[in-house]
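Spelled out from the first residue to the last, the chains are:
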Amino acid sequence: CTALVAFAAVRLAPIITEPYRAHETLKAQKDFFSEQVANPDKAVADLQALIREHPRDSELWYKLGWVHAKQRRYAEAVRAFEKSAALRPTAGAYNNIGNLYYQTLQQYDQAIVWYKKAIALSPDKADSHFNLGHLYFSRGRMKEAEEELRKVLSLDKQGGQRAKAVIMLKQMVE
């Protein structure tokens, strides 16, 4: 009987403590907006000058979107990220666009479109599945949220997206 209890404790401890460990992992992460650009107006002007010289450089457009997003200039950020994604489609650009539509502009249908584009381009990227699952969760679409969050668990074995997915799945059960 003692061996059975010890075996159960060893096997169940990681499962029982995972939500706690997930919460601790999230507390250690920096928030996107806590990191600032030293001189954002100069950064925007410099990037715009470079874009005039190299209008088809997707990285310049991406950086411009990033600076605008840091400064909470969301409409400008979306335009720059969309231009970057049109020149060179990446899951990162698609996720950024989706995040802006979802979290700042509250255009949920647009966000879903961009998250699904990111997933189509990189189906093994946990971030894209988490973003879509979070959106579904926040909109009360629990079945779809659970599907996406379970994909996160299978793709992200130890990272921050897994931690957030564990917490959200736990909330869905409670």
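Throughout what follows, the structure given in this document is the object of discussion. (Residues numbered from 1 in each chain as written. Predicted model: local features only at pLDDT ≥ 70, side-chain atom pairs only at ≥ 80, totals over all residues. Heavy atoms only, no water.)

Check the secondary structure of the protein and you find nine helices and zero strands. In the protein, the succession of helices and strands from N to C terminus is α-α-α-α-α-α-α-α-α. Here the protein holds 174 residues, and 37% of them are scored as buried. Expressed as a percentage of contacts within the protein between residues at least 6 apart in sequence, the contacts between residues at least 24 apart total 51%. Total accessible area computed for the protein in this model is approximately 10400 Å², and 55% of it derives from carbon and sulfur atoms. (Helix = DSSP H or I, 4+ residues; strand = E, 2+ residues; numbered from the N terminus. Buried < 20%, exposed > 50% of the residue type's maximum accessible area, 1.4 Å probe, protein only. Contact = heavy atoms within 4.5 Å. Areas by Shrake-Rupley, 256 points an atom, 1.4 Å probe, with all protein chains shown as cover.)

This part takes up the pattern of salt bridges. Within this structure, the stated rule accounts for seven salt bridges. The shortest N-O distance in the salt bridge between R73 and D41 comes to 3.0 Å. With R73 in the loop between α3 (58-70) and α4 (74-87) and D41 in helix α2 (residues 40-53), this residue pair connects regions lying 32 residues apart in the sequence. Classification of D41 by relative accessible area gives exposed; the value is 54%. Among the ionic pairs, R141 bridges to E144, the shortest N-O distance being 2.7 Å. (Salt bridge = Lys/Arg side-chain N within 4 Å of Asp/Glu carboxyl O.)

If you look at the biggest cluster of nonpolar residues, it comprises 23 residues, and the most contacted ones within it are L100 and L135. The greatest single-element share of this core, amounting to seven residues, is contributed by helix α5 (residues 91-104). Setting aside its immediate chain neighbours within four residues, L135 contacts Y102, Y108, A111, I112 and Y115. (Core = buried A, V, L, I, M, F, W, Y, C linked by side-chain atoms within 4.5 Å.)

A few words on the packing of α2 against α3. Pairs of packed helices are described in terms of their axes, by the angle between the two and the distance that separates them. Where α2 contacts α3, the two axes come as close as 10 Å, and the packing angle between them is 160 degrees. With respect to α3, the element α2 is oriented roughly antiparallel. In terms of crossing hand, the pair formed by α2 and α3 is left-handed. Across the interface between the two elements, P40, A43, V44, L47, Q48, L50 and I51 from α2 touch L60, W61, K63, L64, V67 and H68 from α3. Here the residues of the contact of α2 with α3 are counted per class, giving ten nonpolar, two polar and one charged. (Axes fitted to C-alpha atoms, helices over the stretch in contact; angles between N-to-C directions. Parallel < 35°, antiparallel > 145°, perpendicular 65-115°, else oblique. Left-handed = near helix turned anticlockwise from the far one by under 90°. Nonpolar A, V, L, I, M, F, W, Y, C, P; charged D, E, K, R; others polar.)

Right, let's talk about the packing of helix α8 (residues 142-155) against helix α9 (residues 160-173) for a bit. The interhelical angle for the contact between α8 and α9, taken along N-to-C directions, is 145 degrees, at an axis separation of 9 Å. The way α8 lies across α9 gives a crossing that is left-handed. Here M142, A145, E146, L149, R150, V152 and L153 of α8 come into contact with α9, specifically with Q161, R162, A165, V166, M168, L169 and M172. Looking at the contact of α8 with α9, its residues break down into ten nonpolar, one polar and three charged.

Let us now look at unusual backbone geometry. Positive phi is not limited to glycine here, since R72 has a value of about 65 degrees. When you line up the elements, R72 lands in the loop between α3 and α4. Even without glycine at this site, Q106 takes up a positive phi of about 55 degrees. Position of Q106 among the secondary structure elements: in the loop between α5 and α6 (108-121).

Time to look at the side chain of S58. By secondary structure assignment, the location of S58 is in helix α3. Taking relative accessible area as the criterion, S58 reaches 8% and is therefore assigned buried. Look past the residues within four positions of S58 in its chain and what remains in contact with it is S84, L87 and R88.

In short, geometric facts, not functional conclusions.
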